[in-house]
Amino acid sequence: MHPITGLHHVSVIAGDPQRTLDFYVLGLGMRLVKRTVNQDAPDTYHFFFADGAGTPGTELTFFPWPNMPRGRDGHGLTHEVALAVPPGSLDWWAGRLASLGVAPGAREVRFGETALPFADPSGLRVTLVETADPRPFVPWDASPVPADRQIRGLHAVRLDARDLAATARFLDAALGHTRVATEGDVRRYAVGGAARSGALVDVRETPGAARGMWGVGSIHHVAFAVADDAAEREAQALVRAAGGHPTEVIDRFWFRSVYFREPGGALFEIATDIPGFAVDEDPAHLGERLILPPFLEPHRAQIERALPPVVTPHPEPAAAHA
Ligand code: ZN
């Protein structure tokens, strides 16, 4: 069986850091499980939002770069992330988004599932999809969203490719995703194996489009999950055999990663499910303070001075749903 088990996290370029924190924690009710810095640009925050336990496959992460221009659509970019919500919850979510000042798009049926697209405060395309697919999920008790409506994790990503055949071959050979369905101009690829979040990648061929460009609201990279270090090395070898150029394994402290581009240019990562976010914080207090990886800890004072101040949001927990 292929070592990749689904999506691990999706990382996004955000605008304002405080608005991002407030929208995802107070608005969408996700838990801030790590407040840290971009390890390659430590004057920038890196926020991780997830379920109550930081389960791999539920994480959406943000680098706030408020001075960057807006991203530009086009091929070679992942342009949308879909998040799973419980069946029958989209009416409630539409009202929730309206109360946050977000006007969702028209409801759609995608591959038989009901979907509600909207744009977050940075312009990121997010779609909530009703699904009963089984997946590991731990509700967040302090969430302002009732447990039976909380976001269950990543569902799918969508990317534009100039040459669909090349991207599809790579998804199969390097990443273990096979085509499972076609709807209009979107082809859906899925990874098999254990039930978990983020088994789906949708690809649209856009041969005439310009190259997309990163900016505020863009997906920076998509990380696929492997169980452990042995699986990481196996996946790295498969990427290489499929013509990719993976980096060496980089220790991100909460997981270990390799990075590479798929043939169309979108940046991908493969990250381990281990050791997880509780490795350097009490699981009851994740995200409450700025965590630095060990190699940056000696520079804490300087890094804290360079970061814009933010207030960690503390929501009113939702009343138990009757
Ligand atoms: Zn990543």
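Residues numbered from 1 in each chain as written. Predicted model: local features only at pLDDT ≥ 70, side-chain atom pairs only at ≥ 80, totals over all residues. Heavy atoms only, no water.

Participant: Can you walk me through the pattern of salt bridges in this structure?
Facilitator: A pair can form between side chains of opposite charge whenever their charged atoms are brought close. In this structure the tally under the stated criterion is 14 salt bridges. Where Arg204 meets Asp160, a salt bridge forms, and the shortest distance between an N and an O atom there is 3.0 Å. With Arg204 in strand β12 (residues 200–205) and Asp160 in strand β9 (residues 153–161), this pair connects stretches of sequence that are 44 residues apart. Its relative accessible area of 29% is what places Arg204 among the partly exposed residues. Overall, Asp160 belongs to the buried group, its relative accessible area being 4%. We note a salt bridge from Arg300 to Glu297, for which the minimum N-O separation is 2.5 Å. With relative accessibility at 18%, the residue Arg300 sits in the buried group. (Salt bridge = Lys/Arg side-chain N within 4 Å of Asp/Glu carboxyl O. Helix = DSSP H or I, 4+ residues; strand = E, 2+ residues; numbered from the N terminus. Buried < 20%, exposed > 50% of the residue type's maximum accessible area, 1.4 Å probe, protein only.)

Participant: Help me out: how do you make sense of the coordination of the zinc ion in this one?
Facilitator: Those protein atoms acting as donors to the zinc ion are His9 (NE2), His221 (NE2) and Glu269 (OE), and they sit at 1.9 to 2.1 Å. On the primary sequence, the residues serving as donors to the zinc ion are separated as H-x211-H-x47-E. Here the residue His9 occupies a position in strand β1 (residues 6–14), and His221 occupies one in strand β13 (residues 219–226), the gap between them amounting to 212 residues. His221 carries the same exposure label as His9, and that label is buried. (Donors = N, O, S within 2.8 Å, 3.2 Å for Na, K, Ca; no water.)

Participant: Even after reading the chapter, I still don't get empty space enclosed by the protein, so can you show me in this structure?
Facilitator: Rolled over the atoms, a probe as big as a water molecule pinpoints where empty space is left. For the coordinates displayed, the defined rule picks out 3 cavities of 30 Å³ or more. Computed from the structure, the largest cavity encloses a volume of approximately 60 Å³. Contributing to the lining of the largest cavity are Leu28, Gly29, Met30, Arg31, Ala50, Asp51, Gly52, Phe137, Trp140, Gln150 and Ile151. A class-by-class count of the residues in the lining of the largest cavity yields 6 nonpolar, 3 polar and 2 charged. The wall of the second largest cavity is formed by Glu80, Ala82, Arg110, Glu113, Val129, His155, Ala156, Arg158, Arg188 and Asp202. (1 Å grid on protein atoms, 1.4 Å probe; cavity = no way out; pocket = protein on both sides within 12 Å on 5 of 7 lines; lining within 4 Å. Points joined across faces, edges and corners; volume = space filled by probe spheres on them. Nonpolar A, V, L, I, M, F, W, Y, C, P; charged D, E, K, R; others polar.)

Participant: Teacher, can you tell me more about the sheet that holds strand β16 (residues 267–272) here?
Facilitator: Hydrogen bonds between backbone atoms are what pair the strands of a sheet, whose relative direction is either parallel or antiparallel. Strand order across the open sheet formed by 8 strands is β2-β3-β4-β1-β13-β16-β15-β14, with mixed pairing between neighbours. Either end of the sheet is taken by a strand with one partner, and the two such strands are β2 (31–38) and β14 (250–251). The pairing of strand β3 (residues 41–50) with strand β4 (residues 59–64) spans 3 bridges and is classified as antiparallel. Across the sheet, residue Phe49 finds its bridge partner in β4, namely Leu60. (Pairing = 2+ DSSP bridges.)

Participant: Would you mind going over the layout of surface pockets with me for this structure?
Facilitator: Within this model, the largest pocket holds a volume of roughly 270 Å³. In terms of lining residues, the largest pocket is bounded by 21 residues, among which Asp40, Phe63, His221, Arg252 and Tyr259 are the most central. Among the secondary structure elements, those contributing two or more residues to the lining of the largest pocket are β1, β2, β3, β13 and β16. For the lining of the largest pocket, the leading source of residues is β2, giving 3 residues.

Participant: When you look at the environment of Asp120 in this model, what are you seeing that I'm missing?
Facilitator: Relative to the elements of secondary structure, Asp120 occurs in the loop between β7 (113–119) and β8 (125–130). Sequence separation between Asp120 and Trp92 is 28 residues, and the spatial gap between their C-alpha atoms is 17 Å. With residues near it in sequence (within four places) discarded, Asp120 still touches Phe23, Tyr24, Phe62 and Val126. (Contact = heavy atoms within 4.5 Å.)

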